[in-house]
Amino acid sequence: EADPVYSVQLLKVAEELFSFGDEYRLEYHQSIPDVFPFYRSYSGYGDELLWGALWLYRATGDTRYLNKAQAAWEEFNLGKADKHFSWDDKKPGAYALGWMLQPNNTMYEDALKAYLSFLKIDAPYTPGGLVYLDHWGSNRHSANAAFISLWAAKYGDPAEAAGNTAWAEGQLGYILGDNGHSFVVGFGVDPPTHYHHRASSCPLPPQSCSQHNWGYVQPGPNPNILYGALVGGPNQDGDYEDIRSDYQRNEVACDYNAAYTGALAAMVDIS
């Protein structure tokens, strides 16, 4: 709205990208083999076709994109989410978006409700109450699920709003320190200080970080505080150590903070 000319340009590019991806169907790691050990697409590209088509329908109102979304749903059997809403697997987010765009289409509603039921009833938890969806970035997956639950609290079935809000609030409370210490850098009680982040762990210039791998091995707290960063999180047994070299539990990343930030904004909106 602030720049309609630029908005038209962005939408045109988005449509071109979707068309390209729909026509030339390759896994990300097939196109760029070097990413295979790190960022391969475990969920495939079907969920991205569904996700992209729904967003383009919202942006354009063109029913061709609804038809594309329906085709992807059927072709790739996308009606059941595995565990995550993440950079790799968009299905839970697509359920929420599809329900918003087609409130009378129970396909999306039923799928989202089934996912939320899995989170609350069947998913594993740490002893302190964090839903445990993956050993890598456990906090990230909890926060992403909380975001979906808060979406459902605001836009979904009013009869389930209170339960969806309370569950998400519990997940965010764990992350913010209700279980004894915070997992957010620079916030709350006993927050992480040895998180795995290159620039944060290096000294300010002109001091060198390269000599003897100083930033990685130095025993003290990170010299530069990365306020607000969410660290990976605990093991399923709740164990967590603030050790820079344990990057599985102490890595920070843009995707760790993405839906977590949205969940925080949702809690502010609700309050």
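Computed from a predicted structure; not experimentally measured. (Residues numbered from 1 in each chain as written. Predicted model: local features only at pLDDT ≥ 70, side-chain atom pairs only at ≥ 80, totals over all residues. Heavy atoms only, no water.)

Considerations on a nonpolar patch on the surface
And step 1. Side chains of Tyr28, Ile32, Phe38, Tyr39 and Trp87 sit close together on the surface and give an oily, nonpolar patch of about 570 Å² of accessible area.
And step 2. Inspection of the secondary structure puts Tyr28 in helix α2 (residues 28-31).
And step 3. By relative accessible area, Tyr28 is classed as partly exposed at 44%. (Patch = residues over 30% accessible without salt bridge, like charges linked within 9 Å, V, L, I, M, F, W, Y side chains within 5 Å. Areas by Shrake-Rupley, 256 points an atom, 1.4 Å probe, with all protein chains shown as cover. Salt bridge = Lys/Arg side-chain N within 4 Å of Asp/Glu carboxyl O. Helix = DSSP H or I, 4+ residues; strand = E, 2+ residues; numbered from the N terminus. Buried < 20%, exposed > 50% of the residue type's maximum accessible area, 1.4 Å probe, protein only.)

Quick word on the environment of Pro124
And step 1. Of note, Pro124 is situated in the loop between α7 (106-122) and α8 (138-155).
And step 2. Put simply, Pro124 and Gln236 are 112 residues apart on the chain and 8.1 Å apart in space, counted from C-alpha to C-alpha.
And step 3. Not counting residues within four places of it along the chain, the set of residues in contact with Pro124 comprises Leu130, Val131, Tyr132 and Gln236. (Contact = heavy atoms within 4.5 Å.)

Brief notes about the state of the cysteines
And step 1. Summed over the entire model, instances satisfying the criterion amount to one disulfide.
And step 2. Paired through a disulfide, Cys202 and Cys209 show a sulfur-sulfur distance of 1.8 Å. One quick way to see it: the torsion about the S-S bond of Cys202 and Cys209 is about -65 degrees, and its sign makes the bridge left-handed.
And step 3. You can call Cys202 buried: its relative accessible area is 11%.
And step 4. Between Cys254, a free cysteine, and Cys202, which holds the nearest cysteine sulfur, the sulfur-to-sulfur gap is 18 Å.
And step 5. Judged by relative accessible area, Cys254 falls into the exposed class, the value being 73%. (Disulfide = S-S within 2.5 Å.)

Observations concerning the UniProt feature "domain: Glycoside hydrolase family" (unreviewed entry) in the chain
And step 1. Under the present numbering, the feature "domain: Glycoside hydrolase family" (unreviewed entry) in UniProt falls on residues 2-264.
And step 2. Measuring from the first to the last C-alpha atom of residues 2-264 gives 26 Å, for a span that is 54% helix and 0% strand. (UniProt positions renumbered as here; feature names shortened; annotations may be inferred.)

With respect to the packing of helix α6 (residues 91-101) against α8
And step 1. Following both chains from N to C, one finds α6 and α8 inclined at 15 degrees, their axes separated by 10 Å at the closest point. Considering the angle they form, α6 stands roughly parallel to α8. Note that α6 runs across α8; the crossing there is left-handed. Contacts between α6 and α8 involve Pro92, Gly93, Ala96, Trp99 and Met100 on the former and, on the latter, Ile148, Trp151 and Tyr155.
And step 2. Here the residues of the contact of α6 with α8 are counted per class, giving seven nonpolar, one polar and no charged. (Axes fitted to C-alpha atoms, helices over the stretch in contact; angles between N-to-C directions. Parallel < 35°, antiparallel > 145°, perpendicular 65-115°, else oblique. Left-handed = near helix turned anticlockwise from the far one by under 90°. Nonpolar A, V, L, I, M, F, W, Y, C, P; charged D, E, K, R; others polar.)

Topic: the packing of aromatic side chains
And step 1. Counting across every chain of the model gives 14 aromatic pairs.
And step 2. Ring geometry for Phe18 against Tyr65: centres 5.8 Å apart, planes inclined by 80 degrees, an arrangement best described as edge-to-face. Residue Phe18 is found in helix α1 (residues 4-23), and its partner Tyr65 is found in helix α5 (residues 63-75); the two are separated by 47 residues along the sequence.
And step 3. Both rings, one in Trp51 and one in Phe85, keep their centres 6.0 Å apart while their planes meet at 70 degrees; by these two values the pair is edge-to-face. Here Trp51, found in helix α4 (residues 46-60), pairs with Phe85, found in the loop between α5 and α6; they are 34 residues apart in sequence, far enough to count as distant.
And step 4. Here the aromatic residues Trp51, Trp55 and Phe85 are joined through ring pairs into a cluster of three or more.
And step 5. Positioned above the aromatic ring of Tyr65 is the side chain of Arg64, whose terminal nitrogen or guanidinium carbon lies 5.7 Å from the ring centre. (Phe/Tyr/Trp six-rings, centres within 6.5 Å; stacked < 30°, edge-to-face > 60°. Lys NZ or Arg CZ within 6 Å of the ring centre and 35° of its normal.)

Points about unusual backbone geometry
And step 1. A cis amide bond links Pro205 to the next residue, Pro206, at an omega of 10 degrees.
And step 2. Position of Pro206 among the secondary structure elements: in the loop between α10 (198-201) and α11 (214-217).
And step 3. Positive phi, close to 55 degrees, is recorded for Asn77, a residue that is not glycine.
And step 4. When you line up the elements, Asn77 lands in the loop between α5 and α6.
And step 5. According to the relative accessible area criterion, Asn77 is exposed, its value standing at 65%.
And step 6. Residues other than glycine seldom take positive phi values, yet Asp190 does so here, at roughly 50 degrees.
And step 7. Following the sequence through the fold, Asp190 ends up in the loop between α9 (161-178) and α10.

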